[in-house]
Amino acid sequence: MSLPTASPVRTDLAYQVCINAACRATFSVDETHFACPSCGDLLDVAYDWDRLPVPSSLRDFEARWADRLDPLNFSGVWRFRDLLPFAPPGMIVTIGEGQTLLQNAEKVAQYVGMNPGRLRLQYEGMNPSGSFKDNGMTAAFTHARMVNAQRVACASTGNTSAALAVYCSATDFGFKAIIFIGSGKIAYGKLAQALDHGALTIQIVGDFDDAMQRVKQVADRLGIYLMNSVNPFRLEGQKTIMYRVLEASGWEPPDWVVVPGGNLGNSSAFGKAFIELKHLGLIDRVPRLAVINATGARTLDHLVNQEDLTWRKGDPDIARACHYFQKLDDGGVKASTIASAIEINRPVNLKKCLRALEFCGGVVRQVSDQEIMDAKARVGAGGLGCEPASAASVAGAKKLREEGVIAPGDRVVCILTGHQLKDPTATVAYHGTDQDNFEKVLGSRGVRRAGFANRPVVVVNDLDDIIRTIALYSDVEDGPAGG
Ligand code: F0G
């Protein structure tokens, strides 16, 4: 991995570098690029670790718990600031993100087929905007402030836009939010956030892939700061999800990290986190990464498992991806899944994800909408609850367990990327009794059964009827009042 080495031409402690092995152009962190100006590839944020103060042990970070009145120590992102040292502390934009939880979930472990205590859920829905995106937003907004940006934009399936809107409304640095969404392609909880937080919300006819193409052009033409995960500073913030997983595990890496794959920002960031931690000698073992696509948006799964696309030291055979995209276009194939957050066919971070997969001995799988909705119901019944895309991680872990790739005694962490209330439509369609609604929302996507549904019970408003119903449906014995 070439990532952690200092660039021969830069004297900065932090800088940007092109990931393309044949290019490796470097840029100051004071510049704003969303693609390499030399070759158009993705950029990384890189550090001259030899000249930076790096903790000798991850345990050193624990000292910061004692000083949580300092907003930088309170933040679950910036208390690890030594591992993303691109910003002067005075420039950091934080709204208290990253107060998240690694939850032991025994019933979910059983569903997945794991031994007791072996499956945990990293619940990123606890972030201020209800998804993992806040980890990245705090870092990208910090960079936006460093370069004096005012107007900030993104294309989104809903969570990036919600986070962007929250950061604009909750801070006082004059940021103005402009978001692009595919019309009808965003769950209601997320649309509600964009509107309520005052973002200029542009609904275009098309899907996320169309919106992404468009926002890049608009940002380029109008000089607007782009907040999508092509922005390398976003991914610096998202590395900290892994630091918190390690922190909550007594700094002992799990055997597996399982994450849904959409635009592939998280998987890329996790890989970068582990590459750097290993380089710095802060961990001696790297977890394996499992990236889970929805069947209706399975670009990564196809390219890795069918086309054998690999990182190849920074020179992946990207013609294979172009060929696949051409085939999709020729067939008029659009991404389609109930997990609207990951309804993406052209993941912008594809190459960085390949790097992560190589370093972390990664695997990729796809799961159907049926598997996603069943896993989501099991998470809700046995954990903190999540939106459909997040449940792809649990469905994927179950699949890998059934294949024997994950062993029952492995220590597995599934990332729950977004809050349950982000997409009430999918949840109510699954559990509800309205057959037409089930067909419209889920049946149309190939979901045939709601095998784990918790049906609402309709009763006339009569005391005896209600008591009879409770006796019929509840499995708890009657006891003395207050018992
Ligand atoms: N889970 C949720 C809840 C998401 O919102 C997203 C992405 C993903 C997983 C996929 O993560 O892109 O890092 O692979 N949502 C983006 C958005 C695309 O616009 O909100 P990824």
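All values reported here derive from a predicted model rather than from experimental measurement. (Residues numbered from 1 in each chain as written. Predicted model: local features only at pLDDT ≥ 70, side-chain atom pairs only at ≥ 80, totals over all residues. Heavy atoms only, no water.)

Asker: Tell me about the sheet that holds strand 1 (residues 14-18), residues and numbers included.
Answerer: Taken together, three strands build an open sheet; the order of strands is 2-1-3 and the sheet is antiparallel. Two strands bound the open sheet, and with one partner strand each, they are strand 2 (26-28) and strand 3 (43-47). Pairs of neighbouring strands in the sheet enclose a mean axial angle of 35°, with direction left out of account. (Pairing = 2+ DSSP bridges. Helix = DSSP H or I, 4+ residues; strand = E, 2+ residues; numbered from the N terminus. Axes fitted to C-alpha atoms, helices over the stretch in contact; angles between N-to-C directions.)

Asker: Hey, could you go over the packing of aromatic side chains for me, with residue numbers and the actual values?
Answerer: Tallied over the entire structure, the rule returns 11 aromatic pairs. Where Phe141 meets Tyr167, the ring centres are 5.5 Å apart and the plane angle is 25°; that geometry is what we call stacked. With Phe141 in helix 3 (residues 133-146) and Tyr167 in helix 4 (residues 159-170), the pair connects residues that are 26 residues apart, well separated along the chain. Tyr167 shares its class with Phe141; the two are buried. On the basis of an interplanar angle of 50° and a centroid distance of 6.2 Å, the ring pair of Tyr324 and Phe325 is categorised as tilted. Residue classification places Tyr324 among the buried residues on the basis of a relative accessible area of 8%. (Phe/Tyr/Trp six-rings, centres within 6.5 Å; stacked < 30°, edge-to-face > 60°. Buried < 20%, exposed > 50% of the residue type's maximum accessible area, 1.4 Å probe, protein only.)

Asker: Give a detailed account of the site of the ligand, specifying residues and quantitative values.
Answerer: In the vicinity of the ligand lie 21 residues, with Ser156, Gly262, Asn263, Leu264 and Thr417 positioned nearest. Contact distances for the ligand include 2.7 Å between an oxygen atom and a side-chain N or O atom of Ser156. Within the backbone of Asn266, an N or O atom sits 2.8 Å from an oxygen atom of the ligand. Calculation on the ligand without its partners gives an accessible area of 480 Å², and the protein chains cover 99% of this total. Of all the elements in the fold, those that place two or more residues in the shell around the ligand are helix 4 and helix 9 (265-279). Within the shell around the ligand, the residues separate by chemical class into seven nonpolar, 12 polar and two charged. (Near = heavy atom within 4 Å. Polar contact = N/O pair within 3.5 Å; in protein donor to acceptor, adjacent residues only side chain to side chain. Areas by Shrake-Rupley, 256 points an atom, 1.4 Å probe, with all protein chains shown as cover. Nonpolar A, V, L, I, M, F, W, Y, C, P; charged D, E, K, R; others polar.)

Asker: Which residues make up the pairing of strand 13 (residues 412-416), and what values go with them?
Answerer: For strand 13, the tally of buried residues reaches five of five residues, placing the bulk of the element in the interior. Side chains of strand 13 alternate between two faces, with Val412, Cys414 and Leu416 and Val413 and Ile415 buried alike. Here strand 5 (residues 119-123) runs beside strand 13; their pairing, made up of five bridges, is parallel. By the bridge assignment, Tyr123 is partnered in strand 13 with Leu416. Bridging between strand 10 (residues 256-260) and strand 13 involves three bridges; their strand directions are parallel. Its bridge partner lying in strand 13, Trp256 is registered against Val412.

Asker: Would you mind going over the layout of surface pockets in detail, with residue names and values included?
Answerer: For the largest pocket, the calculated volume is near 810 Å³. The wall of the largest pocket is formed by 30 residues, among which Phe34, Gly40, Lys216, Val230 and Val348 lie closest to the centre. Elements with a minimum of two residues in the lining of the largest pocket: helix 6 (208-222), strand 9 (225-226), helix 11 (319-330) and helix 12 (350-359). No other element matches the seven residues that helix 6 contributes to the lining of the largest pocket. In this structure, the second largest pocket encloses a volume near 420 Å³. Lining the second largest pocket are 19 residues, and of these Gly184, Ile186, Ala187, Thr425 and Arg445 sit closest to its centre. Take the lining of the second largest pocket: its biggest share by element is three residues, from helix 16 (residues 435-441). Within the lining of the second largest pocket, the residues separate by chemical class into seven nonpolar, seven polar and five charged. (1 Å grid on protein atoms, 1.4 Å probe; cavity = no way out; pocket = protein on both sides within 12 Å on 5 of 7 lines; lining within 4 Å. Points joined across faces, edges and corners; volume = space filled by probe spheres on them.)

Geometric values such as these leave the question of function open.
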